[in-house]
Amino acid sequence: MLAYRTAPARHTAHDGSAFRLSRQQAPRAALYCRLGSPRSIGFALTLLMLAGILPAVGDASAVLARTPSFTENFDRELDTDGNGVEDILDSWLAGVASFDDLRRTAVALPDRARADKDASTDAIDFPDGIRPAEGAWRAGNLRLISFGGGGAVLDAAKAASAAGRCRVLHSVDRFGGVTVLETDETGLRRLLTDPPSGRLMLDRDGLPALVESRPLVGADRTAAGHWHTGEDWSSTVAILDSGCDTAHGDLGDFGDDDVDGPPPAVGDASDWYPADDGWPLFEGYKVVGWHDVTDDFPLAAGPWDYHHHGTALASVTAGSGTVDPDYRGMSPAGRLTVVKFYDFDETWHAWAGDFLAACAWTLDHREIYRIRTVLTAVNWDVDAGISAAMAAFVDAGLLPVAAVGNHGSEPVGPGYPAALPDVLTAGAV
């Protein structure tokens, strides 16, 4: 779809210049771009239309009442001895499991999914002069998530850092308190010798989940007749994924040049408009909110995506169709808040700890960017605080939408958050 951003594909797709000129461009600094929007109706109903393809689940309150909490999921799935530490970490401390076993568990995926993910990683071609910062995974370290430990976690991390490597990657007050740590073997041993209160587990790498979607859900029918859905741009859908390439005619590209940069920066400051400065009334700006949780490129000038999964998700959600009307998104006039949590560290990772930090940022900035819907297309095999984050979205009046995954007939899916009943899970067959 629109995710493939190789140079030949860009030039081939953009031969239809008539489509490129169908939307009048306006200067980014135009006064009316900085005025507030008089409209307040979100377009979350567009994605709610997907509910028509889902089977009935009976009384919603009954389903929610029997949904295990994160604490129950943790105790049942990961901590059978009830000491607050994931069992495999206990096994490593006892000498039963190796440090490599811990790393393999953190990135465990079905064989076919792992092969697909590795193949996509091998295809990454960063432009000349562009290279992300080196990360902890390449150095052979490990990531942990601590829940509910409060200040004791920070004290424990400080003590562990005196013995080896242990640093705080994220510290989030939401979801009962979340701290994401990076450790080496020596730091981990010191941390587990006197673990903080709360619950401690391995961070987990998730599996991206997205296939061609629009034709399979009858989106064109919702834009015909009396419906005309997808024309509201007064609010945003938050895309929590690998970022977004706004140097694309359907997702911004103010200069119509299909180019990010220049190196060593990534992104393009002119292809998006931050709503922090006032709600832009010119419809050409697609992305109005942007944040990179992992900060892979500190010199980034705007949204970027060298993984391309988030770009595909953004195009399915709100691609304008100016390049090719056959590839319009579900809400062609819709706007996006893009929150990148994918981390490039030797290979691409979708860590649950980074996802929780992205969820917290989204909640903290929901009013500025008028976020009504939160969309993610990653599945995790365990509830690494995911249910608590989804419950916080619902409590804040936001609609969480998740892809069911690309598992097909395999019995491994769906995972979290798709399996949670308070999440609108979208899929197609």
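Structure first, text after, so check above.
Now for a quick tour of the structure. Everything quoted here is computed from the prediction, not taken from an experiment.

### Some thoughts on the overall build of the protein
- When its secondary structure is counted, the protein shows 14 helices and 14 strands.
- Within the protein, the fraction of its 429 residues that count as buried is 53%.
- Put simply, the protein shows about 18,300 Å² of open surface, and 54% of that area lies on carbon and sulfur atoms.

### Quick notes on the packing of helix H13 (residues 352-364) against helix H14 (residues 386-395)
- One can describe the packing of H13 onto H14 by two numbers: an axis separation of 10 Å at closest approach and a directional angle of 10°. Here H13 is positioned roughly parallel relative to H14, judged by the angle of their axes. In contact with Phe355, Leu356, Cys359, Thr362 and Leu363 of H13, H14 contributes Ile386, Ala389, Met390, Ala392 and Phe393.
- Broken down by class, the residue content of the contact of H13 with H14 amounts to nine nonpolar, one polar and no charged.

### Quick word on helix H12 (residues 309-318)
- Most of H12 sits out of view: ten of its ten residues are buried.
- For H12, every residue scored as buried is listed here: His309, Gly310, Thr311, Ala312, Leu313, Ala314, Ser315, Val316, Thr317 and Ala318.

### Regarding the nonpolar core
- Counting residues in hydrophobic clusters, the biggest one holds 74 residues, and the most contacted among them are Phe175, Leu240, Leu336, Phe341 and Met390.
- In terms of residues, this core owes the most to one element, H13, which gives nine residues.
- Excluding residues that lie within four positions of it along the chain, Phe175 makes contacts with Leu356, Cys359, Ala360, Leu363, Ala388, Ala389 and Ala392.
- Judged by nonpolar contacts, the second largest core, of 19 residues, contains Trp92, Phe99, Leu142 and Ala160.

### Observations regarding the sheet that holds strand E4 (residues 199-202)
- If you walk across this open sheet you meet the four strands as E2-E3-E1-E4, and the pairing is antiparallel. Taken across any chain shown, the strands that pair with only one partner, and hence form the sheet edges, are strand E2 (166-172) and E4. Neighbour to neighbour, the strand axes of the sheet diverge by 25° on average, direction disregarded.
- Pairing between strand E1 (residues 142-147) and E4: four bridges, direction antiparallel. In the strand pairing of E4, Leu144 is matched with Leu202.
- In the packing of helix H5 (residues 70-77) onto the sheet, contacts are made with E1 and E4, and the angle to E4 comes to roughly 65°.

### Side note on the pairing of strand E3 (residues 178-183)
- Most of E3 sits inside the fold, with six of its six residues counted as buried.
- Taking every second residue as pointing to the same face, both faces of E3 are buried, with Val178, Val180 and Glu182 on one and Thr179, Leu181 and Thr183 on the other.
- Sheet topology note: the E1/E3 ladder contains six bridges and is antiparallel. Among the inter-strand pairings, Ser146 is bridged to a residue of E3, identified as Thr179.
- Bridging between E2 and E3 involves six bridges; their strand directions are antiparallel. Bridging across to E3, Ser171 finds its partner in Thr179.
- Here E2 folds back onto E3, and the loop between the two strands holds five residues, one of which, Phe175, carries a positive phi near 60°.

### Quick notes on unusual backbone geometry
- With omega at 10°, the peptide bond leading from Tyr416 into Pro417 counts as cis.
- Its location among the elements puts Pro417 in the loop between strand E13 (399-403) and strand E14 (424-426).
- Positive phi, normally seen in glycine, also occurs at Asp295, with a value near 55°.
- Note that Asp295 resides in the loop between strand E7 (287-292) and H12.
- Although it is not a glycine, His308 adopts a positive phi angle of roughly 85°.
- For His308, the location among the structural elements is in the loop between E7 and H12.

### What about the pattern of salt bridges?
- Counting across every chain of the model gives eleven salt bridges.
- Arg199 is the partner of Asp75 in a salt bridge, and the nearest nitrogen-oxygen pair spans 3.4 Å. In this pair, Asp75 is assigned in helix H5 and Arg199 in strand E4, connecting sequence segments 124 residues apart.
- What makes Arg199 partly exposed here is its relative accessible area of 24%.
- One salt bridge connects Arg76 with Glu77, and the closest N-O pair in it is separated by 3.3 Å.
- Its relative accessible area of 48% is what places Arg76 among the partly exposed residues.
- Judged by its relative accessible area of 32%, Glu77 is partly exposed.

Here is what the cut-offs are and how they apply
Within every chain, residues take consecutive numbers counted from 1 along the sequence as written. For this predicted model, a pLDDT threshold of at least 70 governs which residues receive local features, and a threshold of 80 or more governs which side-chain atom pairs are given and counted, while totals over whole chains, interfaces and linings are taken from all residues. Calculated side-chain values reflect all of the structure's heavy atoms, with hydrogen atoms and water omitted. Here a strand is any run of E in DSSP of at least two residues, a helix any run of H or I of at least four, and the numbering for each starts at the N terminus. Partly exposed describes any residue whose relative accessible area lies between the buried limit of under 20% and the exposed limit of over 50%, with all areas from a 1.4 Å probe on protein chains only and scaled to the type maximum. Exposure was quantified through the Shrake-Rupley algorithm and a 1.4 Å probe, taking into account, for residues, occlusion by the shown protein chains and nothing else. Interaxial angle, 0 to 180 degrees, is taken between N-to-C directions of lines fitted to C-alpha atoms, where a helix line uses only the stretch in contact. When describing relative orientation, an angle under 35 degrees is termed roughly parallel and one over 145 degrees roughly antiparallel, while 65 to 115 degrees is termed roughly perpendicular and anything else oblique. Here a residue-residue contact requires only that any non-hydrogen atoms of the pair lie within 4.5 Å. Under the scheme applied, nonpolar residues are Ala, Val, Leu, Ile, Met, Phe, Trp, Tyr, Cys and Pro; charged residues are Asp, Glu, Lys and Arg; polar residues are all the others, including Gly. Working definition of a nonpolar core: buried Ala, Val, Leu, Ile, Met, Phe, Trp, Tyr and Cys residues. They are joined through side-chain atoms within 4.5 Å. In this scheme, strands are said to pair when DSSP sees at least two bridges between them. Salt bridge, as used here, is a side-chain nitrogen of Lys or Arg placed within 4 Å of a carboxyl oxygen of Asp or Glu.

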